[in-house]
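Residues per chain are reported as follows:
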Amino acid sequence: MLLLLQAQALLGRVPPRARAWAPRRSAHRRSPPREADVPFARAGIGMFFQGGPRLGNQYAEDALLRGSLKRQLPPQVFAEVTQDLQRFGARVSDEILSLGQECEANPPRLQQFDGWGRRVDRILTCPAWKKLKGISAEEGLIAIGYERKYARWSRVYQVAKLFLFAPSSGMFLCPLAMTDGATKVLEVMNSSGPPGEALGHLTSRDPERFWTSGQWMTERKGGSDVAHGTETVALPQEDGTHKLFGFKWFTSATDADMTLTLARIMDTGGSVTKGTRGLSLFFLKLRDEQGRLNGLEIQRLKEKLGTRQLATAELLLDGARAHLVSQEGRGVATIANMLNVTRIYNAISAVGFMRRVVNMAREYATHRFVFGKFIKDHPLHTQTLARMEVQTRGGILLVLEMGRLLGLEETNQASAQDSHLLRLLTSVTKLYTGKQAMAVVSEGLECFGGQGYMEDTSLAGILRDAQVLTIWEGTTNILALDTLYVLTRSQGQALQAFSASVQEKVARASQQPELAPSVRRLQDALGRLAGQLEGLQGPSDSMEMAARALAYTLARIYIGALMVEHAAWAEASPSDVYASQRWCGQDLCPLDTAQRAGCYGADAVGRDVALVYEASPALPREERTRAA
């Protein structure tokens, strides 16, 4: 009877008199309660188990994604695309998610020697990783972008599908990013011979023919500074190929079928050209037809904070046979196309993680009961979820916009304005969504309390994996400097294209009372941005210090314009309008805010040095004093 009353009390079904009577009855017993009657005794572990979050169809449950595609795509294209994404949205929540979790539990291993002492250097991946490669081919995750069935809209369709795939894929989006980047380079270069033949494999829907590609740029001296950090040399051969000799410090997806890599061609005198002008781009297959490595030795697999599902290795190139892809000395210029693609993929992954953690947190809030009600009914908690949702919606619209711009370029329909926007916004999109993802995912883990910190809930792994997104393909500061470079080199044309695009996107909304205040805030931010850029035409140190705030400003204004544009659509929901208002209510021009606070003044560099190195032996006292 006592156990029944306790169970009823947990369910809120015990009458008040029964609750009061139960302990008195227990107190008047002549014999103590039996252990079997006591909760948690022996094998009993209590009666309550909190259910975890459940994932539904990730396409059907994303109102913004569906609405944005319907708004942008021609009706017939949308009808076909939405049918495929509806089906795929269920697959990523079930089969693909299970495979991704299996990859997390069974990371790759390196077998360097066989049982008889022969060097074999095999990267052993789990069956789930191989299955994900097959699914990627079947679903056309690369092919969609190059079949161009829907012309310029094919990239938008592909971005949407990759967005659904990313957070379930066990980081298989990473080799797909490099595969798409390599495909882009080989297509643009109109490659022939083995590199040209590779195109058919990279874009195949047949799992037996489909290849993935690696990307080997980073050497011991550094990653982003390839001009001064690349020591690998290429020796020309009589058959027109080259043999590569060097050490690659960080190679992602080292289990791929092929790769693109940078090296310096050595002349007959044994000399190489230093700097950017000495770098050329090469194609090579990792193994020959017999499965033997192509002049490579895998030194070790990297031990990483996250992305453990993905094989990342240090490689010695000892005569690897390769084919020249770029013109000699034009390697860096050639990989620009690849970087555009891989940085967009980085943003897709970031926004995918954001959407996944928000979806899980909002579902969990409907059945987690604390302090007398479900946590969805606690206003502060729902407000926190709303902030995360606004950030996620902004990111989704931004990556779809990048797909639109890339599609225009690849089908030769891009205007000069579109081309400037694609070049400018690629770095901005990558850096901003990477930072967004870390903030939203971290906040999302808090929504689960202590369970968010546990590895076996699969929540902590999202945060570990998301951290790479601010680092890979250029850190925040590197990309901020690239943004500054684009604005400076275009002599005002990139900024003009940016401003014109923002004005076009918000023009319709300015006539709608609920959106007009947001439009005015965006236009005001544009004016403040232009004013600050004019004022920063002085010392280069000030410009460099302002680069990060400048990139954030561009991101916030452009995302705001995208959200207002969507909210002005005839079929927009009240939530679309509210989300745009929430976005535009923040500081849209942090560049102006920081400048007014004196962050970029003439003495700011010295004061920063003095602050950071105060009492530090890393910097001589005289230098610290001089800086101050």
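1. Focus: the layout of surface pockets
Considering only enclosed or pocket space, the second largest pocket measures out at about 740 Å³ in volume. Surrounding the second largest pocket, 31 residues form its lining, Lys133, Asp255, Ala256, Asp257 and Arg287 being those nearest its centre. Counting only elements with at least two residues in the lining of the second largest pocket, the list comes to strand E2 (119-124), helix H6 (127-138) and strand E8 (296-301). Here the lining of the second largest pocket is composed, by residue class, of 14 nonpolar, six polar and eleven charged.

2. Points about the side chain of Asp418
With respect to the element layout, Asp418 can be found in helix H14 (residues 416-446). One buried charge, Asp418, has no salt-bridge partner; the nearest side chain with opposite charge is Arg404, at 4.4 Å. Discounting residues that sit within four places of it in the chain, Asp418 has contacts with Arg404, Leu405, Leu408 and Gln413.

3. Quick notes on the side chain of Ser542
Positionally, Ser542 belongs in helix H19 (residues 540-545). Note on Ser542: relative accessible area 11%, which makes it buried. Look past the residues within four positions of Ser542 in its chain and what remains in contact with it is Leu536, Tyr600 and Gly601.

4. Comments concerning the pattern of salt bridges
Under the criterion given, the structure shown has 44 salt bridges. Among the salt bridges present, the one from Arg155 reaches Asp180, with a minimum N-O distance of 2.9 Å. Of this pair, Arg155 sits in helix H8 (residues 154-165) while Asp180 sits in helix H9 (residues 173-188), placing them 25 residues apart in sequence. Residue Arg155 shares its accessibility class with Asp180, and that shared class is buried. Salt bridges sharing partners connect three or more residues here, namely Asp84, Arg87, Arg91, Glu95, Glu138, Glu139 and Lys161.

Parameters at a glance
Residues numbered from 1 in each chain as written. Predicted model: local features only at pLDDT ≥ 70, side-chain atom pairs only at ≥ 80, totals over all residues. Heavy atoms only, no water. 1 Å grid on protein atoms, 1.4 Å probe; cavity = no way out; pocket = protein on both sides within 12 Å on 5 of 7 lines; lining within 4 Å. Points joined across faces, edges and corners; volume = space filled by probe spheres on them. Helix = DSSP H or I, 4+ residues; strand = E, 2+ residues; numbered from the N terminus. Nonpolar A, V, L, I, M, F, W, Y, C, P; charged D, E, K, R; others polar. Buried < 20%, exposed > 50% of the residue type's maximum accessible area, 1.4 Å probe, protein only. Lys, Arg positive; Asp, Glu negative; His and termini not counted. Salt bridge = Lys/Arg side-chain N within 4 Å of Asp/Glu carboxyl O. Contact = heavy atoms within 4.5 Å.

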